[in-house]
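# Chain and residue survey
In case you want the letters, here they are:
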Amino acid sequence: MSNMSVVSGVPTVVVPESVRFKAACPDCRERFELAATAIRLAVGASRRTTFYSFTCPRCGVAVRKPAGERIVELLSRGGVRTLRLHTGNQTSSTPSAP
């Protein structure tokens, strides 16, 4: 049996709902585990614009932490919802009018 699923022609990895990630809050210093649904990953054009975020279950503060390549890979494979941030350097595929 395969762990892959195809939705609209795009292969996706089927991840069990029991996948959890260890995290910590920089404000209250609480350590906890979060389900993939409690984390958001934003992938930008640089390290500065690539991060993951969550809300601390203890104190309620919004936490944002940088995400390097390894973290991006782990969170993506673990089923964390990912937002691809647009860059201002995108080129149009439509030819210019003469």
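Predicted model, so just to flag it, every value in this text is computed and none were measured.

Looking only at helices and strands, one finds one helix and eight strands in the protein. Counting from the amino terminus, the protein carries its helices and strands in the arrangement β-β-β-β-β-β-β-α-β. Counting over 98 residues, the protein shows a buried share of 24%. For the protein, long-range pairs separated by at least 24 residues make up 41% of all intrachain contacts whose partners lie at least 6 apart in sequence. Total accessible area on the protein is roughly 7,800 Å²; 52% of this is exposed by carbon and sulfur atoms.

Let's shift gears to the pairing of strand S7 (residues 62-66). By the bridge criterion, five bridges tie strand S6 (residues 51-55) to S7 in an arrangement that is antiparallel. The residue bridging Ser-53 from the neighbouring strand is Arg-64, located in S7. Here S6 hands over to S7 after six residues, with Gly-60 in that stretch at a positive phi of 80 degrees.

Another point: the side chain of Thr-50. One can find Thr-50 in the loop between strand S5 (40-43) and S6. Contact partners of Thr-50, with chain neighbours within four places excluded, come to Ala-42, Val-43, Gly-44, Pro-66, Ala-67 and Val-72.

With that out of the way, let us pick up the nonpolar core. As a rule of thumb, nonpolar side chains are buried together in soluble globular proteins. Phe-32, Ile-39, Leu-41, Tyr-52, Phe-54, Leu-75 and Val-80 are the most contacted members of the largest nonpolar core, which has 17 residues in total. Elements supplying a minimum of two residues to this core: strand S3 (20-24), strand S4 (31-35), S5, S6 and helix H1 (69-77). Once you skip the residues sitting within four places of it in the chain, Phe-54 turns out to touch Ala-23, Ala-24, Phe-32, Leu-34, Ala-38, Ile-39, Val-61, Ala-62 and Val-63.

Turning to unusual backbone geometry, a few remarks are in order. The backbone phi angle of Arg-29 is positive, close to 65 degrees, even though this residue is not glycine. Relative to the helices and strands, Arg-29 is located in the loop between S3 and S4.

Detailed reading of the predicted coordinates is not advisable wherever pLDDT falls low. Summarising the model, the protein shows a mean pLDDT of 81, and 70% of its residues fall at 70 or more. Below a pLDDT of 50 lies the segment residues 1-8, which in the model reaches 13 contacts outside its immediate sequence neighbourhood of four places, other chains included.

Okay, the pattern of salt bridges next. Under the criterion given, the structure shown has four salt bridges. Put simply, Arg-20 and Glu-33 hold a salt bridge, and the shortest N to O gap is 3.8 Å. On the criterion of sequence distance, the pair formed by Arg-20 in strand S3 and Glu-33 in strand S4 is long-range, its members being 13 residues apart. According to the relative accessible area criterion, Glu-33 is partly exposed, its value standing at 42%. The salt bridge partner of Arg-70 is Glu-73, with a shortest N-O separation of 3.7 Å. Of this pair, Arg-70 and Glu-73 both sit in helix H1, separated by three residues, roughly a single helical turn. You can call Arg-70 exposed: its relative accessible area is 52%. The network of salt bridges with shared partners includes Arg-70, Glu-73 and Arg-77.

About the criteria used
- Residues numbered from 1 in each chain as written.
- Predicted model: local features only at pLDDT ≥ 70, side-chain atom pairs only at ≥ 80, totals over all residues.
- Heavy atoms only, no water.
- Helix = DSSP H or I, 4+ residues; strand = E, 2+ residues; numbered from the N terminus.
- Buried < 20%, exposed > 50% of the residue type's maximum accessible area, 1.4 Å probe, protein only.
- Contact = heavy atoms within 4.5 Å.
- Areas by Shrake-Rupley, 256 points an atom, 1.4 Å probe, with all protein chains shown as cover.
- Pairing = 2+ DSSP bridges.
- Core = buried A, V, L, I, M, F, W, Y, C linked by side-chain atoms within 4.5 Å.
- pLDDT = per-residue confidence, 0-100.
- Salt bridge = Lys/Arg side-chain N within 4 Å of Asp/Glu carboxyl O.

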